[in-house]
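Spelled out from the first residue to the last, the chains are:
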Amino acid sequence: QKEVEQNSGPLSVPEGAIASLNCTYSDRGSQSFFWYRQYSGKSPELIMFIYSNGDKEDGRFTAQLNKASQYVSLLIRDSQPSDSATYLCAVNQAGGYNKLIFGAGTRLAVHP
Amino acid sequence: EAGVTQSPTHLIKTRGQQATLRCSPISGHTSVYWYQQALGLGLQFLLWYDEGEERNRGNFPPRFSGRQFPNYSSELNVNALELEDSALYLCASPGQGKNEQFFGPGTRLTVL
């Protein structure tokens, strides 16, 4: 079992719709969870982080965390073509090692 | 506040040579994290330096090494280059928050 799993996609959504990206992780001791957006040929950009169970909203983005189910999700409301990118889920390894473990990423395509 | 800087942007080497990549963290931060993003393998943790010391190391052979200077900038050295070392090498720095890591633009290493 991979430590952080994501559906590779592509996830195709029409402009204006809600895109839902999901991630599961195996280390129950993990405390910090991150979503990065990566455009082709560019470095990853941190767009959301969440440390507590529940929802965290920032503009069009909502991160959801359920530690009991070891599940993290990212919702993008009113999706725009500029949101088309690969979204990487990352989990901080338990134990204070400051090591981020990344999923393989989900490719999102928003079509007009 | 300047972000994470990396140099060079691109580096082309031949098999068996050595590569040196450089990174400076966000001003005021003492930690530097190195990651490798190889095609088909995803983003993998390489090294963590803090206050001049190596604090954590990923599952990479010893020919991947580095150091951190008194000004907290860092070098990643890859000796005896192999074709599979071709990848995007990313450096990350902490930000103002708890555990977030912010990436630099990366160095694209191509081994011929």
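Throughout what follows, the structure given in this document is the object of discussion. Sequence order sets the numbering: in each chain, residues are counted from 1 along the sequence as written. Each chain takes a letter, starting from A, and each ligand takes a number, starting from 1, following the order in which they are written. With the structure being a predicted model, the display of local features is reserved for residues of pLDDT at least 70 and the display and counting of side-chain atom pairs for 80 or more, all residues being used for whole-chain, interface and lining totals. Remark: hydrogens and water are excluded; side-chain values derive from all non-hydrogen atoms of the structure.

## So, the sheet that holds strand β6 (residues 54-58) of chain A
Residues and elements named next belong to chain A.
(1) Moving on: In this analysis, strands are considered paired if DSSP registers two or more bridges between them. A helix here means a DSSP run of H or I that spans at least four residues, while a strand means a run of E at least two residues long, and both kinds are numbered starting from the N terminus. The antiparallel open sheet is built from 5 strands, whose spatial order is β1-β3-β8-β7-β6. Edge positions in the sheet fall to β1 (4-6) and β6, since each of these pairs with one other strand and no more. Strand-to-strand twist of the sheet, defined as the mean angle between neighbouring strand axes without regard to direction, takes the value 20°.
(2) Moving on: The sheet contact formed by β1 and strand β3 (residues 19-25) spans 3 bridges and is antiparallel. Opposite glutamate 5, over in β3, you have threonine 24 as the bridge partner. Angular values range over 0 to 180 degrees, each being the angle between N-to-C directions of two axes fitted as lines to C-alpha atoms, with helices fitted over their stretch in contact.

## Observations regarding the pattern of salt bridges
(1) Moving on: The salt bridge criterion pairs a side-chain nitrogen of Lys or Arg with a carboxyl oxygen of Asp or Glu, the two atoms within 4 Å. Evaluation of the coordinates by the stated rule reveals 7 salt bridges over all chains.
(2) Moving on: Taking the shortest distance from any N to any O, the salt bridge between A:Glu45 and A:Arg37 comes out at 2.9 Å.
(3) Moving on: A:Arg37 sits in the buried class, given a relative accessible area of 13%.
(4) Moving on: Note that A:Asp83 and A:Arg60 form a salt bridge whose closest N and O atoms lie 2.9 Å from each other. With A:Asp83 in the loop between β8 (71-76) and β9 (85-92) and A:Arg60 in the loop between β6 and β7 (61-66), this residue pair connects regions lying 23 residues apart in the sequence.
(5) Moving on: Residue A:Asp83 is classed as buried on the basis of its relative accessible area, which comes to 1%.
(6) Moving on: Under the relative-accessibility criterion, A:Arg60 is labelled partly exposed at 27%.
(7) Moving on: Residues joined by salt bridges that share partners form a network here, namely B:Arg22, B:Arg67 and B:Glu75. Accessible area is worked out with a 1.4 Å probe on protein chains only. A residue is then buried under 20% of its type maximum, exposed over 50%, and partly exposed in between.

## Some words on empty space enclosed by the protein
(1) Moving on: Using only the protein atoms, space was sampled on a 1 Å grid; points where a 1.4 Å probe fits but cannot get out form cavities, open sets with protein on both sides within 12 Å along at least five of seven lines form pockets, and lining residues are those with an atom within 4 Å of a point. Grid points are joined across faces, edges and corners, and a volume is the space filled by probe spheres set on the points. All told, the structure shown has 1 cavity of 30 Å³ or more when counted by the stated rule.
(2) Moving on: Taken as a whole, the largest cavity spans an internal volume of roughly 30 Å³.
(3) Moving on: Following the grouping adopted for this structure description, the nonpolar residues are Ala, Val, Leu, Ile, Met, Phe, Trp, Tyr, Cys and Pro, the charged ones are Asp, Glu, Lys and Arg, and the polar ones are all others, Gly among them. A per-class count over the lining of the largest cavity returns 4 nonpolar, 2 polar and 2 charged.

## Details of the packing of aromatic side chains
For any pair of aromatic rings, the description rests on two quantities: the centre-to-centre distance and the angle between the ring planes.
(1) Moving on: Aromatic contacts are taken between Phe, Tyr and Trp rings whose centres are within 6.5 Å, Trp giving its six-membered ring; a plane angle under 30 degrees counts as stacked, one over 60 as edge-to-face, and the others as tilted. Per the counting criterion, the structure on display carries 11 aromatic pairs over all chains.
(2) Moving on: For the ring pair A:Phe102 and B:Tyr35, a centre distance of 5.8 Å and an interplane angle of 85° mean the geometry is edge-to-face. Taken together, the positions of A:Phe102 in strand β10 (residues 100-102) and B:Tyr35 in strand β4 (residues 31-38) put the pair across two chains. In this structure, A:Phe102 and B:Tyr35 share a single accessibility class: buried.
(3) Moving on: Centre to centre, the rings of B:Tyr35 and B:Phe103 are 5.5 Å apart; their planes meet at 65°, and the pair counts as edge-to-face. Linking B:Tyr35 in strand β4 with B:Phe103 in strand β10 (residues 101-103), this pair joins segments that are 68 residues apart in sequence. Like B:Phe103, B:Tyr35 is buried.
(4) Moving on: Among the aromatic side chains, those forming a connected cluster through ring pairs are A:Tyr36, A:Phe102, B:Tyr35, B:Phe45 and B:Phe103.
(5) Moving on: Charges are assigned to positions over rings by a cutoff of 6 Å between ring centre and Lys NZ or Arg CZ, combined with an angular limit of 35 degrees from the ring normal. A:Lys56 extends its terminal NZ or CZ atom over the ring of A:Phe49, reaching a point 3.4 Å from the ring centre.
(6) Moving on: Over the aromatic face of A:Phe61 sits the side chain of A:Arg60, whose NZ or CZ is 5.6 Å from the ring centroid.

Everything listed here is a matter of geometry and, on its own, says nothing about what the molecule does.
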